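Now for the letters of each chain:
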Amino acid sequence: MSTKKHEDCENKQKNPIGVTLCQEIDMEEKILGRVPTELQNGGDTKYPTVVIREFESEDQVHVQRIFAEGMMEMIFDTAFRGLKCHPESVLLYFTMTAVSFLLTMCWWVIGLLLVFVLGGRYFWSTRVIHGYMEEAMNKDMGHIEEFYMNSPDSHMWVAVLDGQVVGIVAAVGQKKGGFVELKRMSVDRRCRRCGVGIALGSKVMEFAKIQGYTTVVLGTTAYSPAAHKLYQRLGFQCREVINGYVSNGTTPSLLERIFYRVQHHHYRLEVKNMSLNIH
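Criteria and cut-off values
- Residues numbered from 1 in each chain as written.
- Predicted model: local features only at pLDDT ≥ 70, side-chain atom pairs only at ≥ 80, totals over all residues.
- Heavy atoms only, no water.
- Helix = DSSP H or I, 4+ residues; strand = E, 2+ residues; numbered from the N terminus.
- Expected span 1.5 Å × (residues − 1).
- Pairing = 2+ DSSP bridges.
- Right-handed = clockwise from strand over helix to strand, strands pointing away.
- Axes fitted to C-alpha atoms, helices over the stretch in contact; angles between N-to-C directions.
- Parallel < 35°, antiparallel > 145°, perpendicular 65-115°, else oblique.
- Left-handed = near helix turned anticlockwise from the far one by under 90°.
- Contact = heavy atoms within 4.5 Å.
- Nonpolar A, V, L, I, M, F, W, Y, C, P; charged D, E, K, R; others polar.

What about helix H8 (residues 196-210)?
Taking 1.5 Å of rise per residue, 15 residues should cover 21 Å, and H8 covers 21 Å from first to last C-alpha, within 8% of that figure. At the C-terminal side of H8, Gly212 shows a positive phi close to 85°.

Laid out in structure tokens, this is it:
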């Protein structure tokens, strides 16, 4: 965020329907049992105001853009950053390299194989994630009003900072299971580290309590440490990690199994006895 934007944000008066970062930090510290240094010292540090409001039909273009940009970031993460989390894939690629060298005794073949492996990972990550985005656009993300706003057990919110939509989150309740699923949380990368994610996550927790649910769950294949730190700061605990996760109803090809593998983290948060004060 530019210096001018930051200054404007700091000088903005508190919106009655907004959530200031000071309030978010106060809520967060209640969860973590800490008090910010600025508040301990009696400082008058000012924070920008993040407004969390219900999704409106005119937000759809901005919501879809933020969703798509967030998904596109995952291509690089899945293809390259995530490789260190899959020793079985590393072992497979090393075996392929060793066998190729023993058969050809040519270093240029090894170099070509390396390009083939990295290119294959990028290609399949792009293909799978684009397929996922297309499926989402044909379902909830293409029909947000219909999917999220017509039932008391589902909802979508947007985060507004400096008058711009900079984040999204949705909640879908499951009465039979007694839980709410946090979905589609994404923040414009230019506005991260501004408390937007905390404010969005807190809104879902508040929604779950108001609707009488006891638990909030989420699933993610993100490899970004920042994403997992955010969930942990909100109070979520990782209950299960599935290696080589495959979406329901899909049968990956052999090449996809070789070049595209992800870990699916299942997070869970009990909100029944949690006290939230974010108004």
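Back to the text.
Some words on the pairing of strand E5 (residues 179-187)
Sheet faces and side chains relate simply in a regular strand, where the side chains alternate between the two faces. By the bridge criterion, seven bridges tie strand E4 (residues 164-174) to E5 in an arrangement that is antiparallel. Within E5, the residue paired with Gly167 across the bridge is Val187. Counting the residues between successive antiparallel strands, the hairpin from E4 to E5 contains four residues, one of them, Gly178, with a positive phi of roughly 70°. Both E5 and strand E6 (residues 215-220) contribute to a ladder of three bridges, which runs parallel. By the bridge assignment, Phe179 is partnered in E6 with Thr215. Crossover handedness for the path E5 to H8 to E6: right-handed.

Topic: helix H5 (residues 87-104)
In a regular helix each residue adds 1.5 Å, so 18 residues correspond to 26 Å; H5 covers 26 Å between its end C-alpha atoms and thus fits that length. Where H5 terminates, the next one or two residues include Met105, which has phi positive at roughly 55°.

Some remarks on the packing of H5 against helix H6 (residues 107-138)
Relative to each other, H5 and H6 sit at 150°, their axes nearing to 9 Å. Comparing the axis directions of H5 and H6 gives the class roughly antiparallel. With respect to the hand of their crossing, H5 and H6 are arranged in right-handed fashion. Contacts between H5 and H6 involve Ser89, Tyr93, Met96, Thr97, Ser100, Phe101 and Thr104 from the former and Trp107, Val109, Ile110, Leu113, Val117 and Arg121 from the latter. Split by residue class, the contact of H5 with H6 holds eight nonpolar, four polar and one charged.

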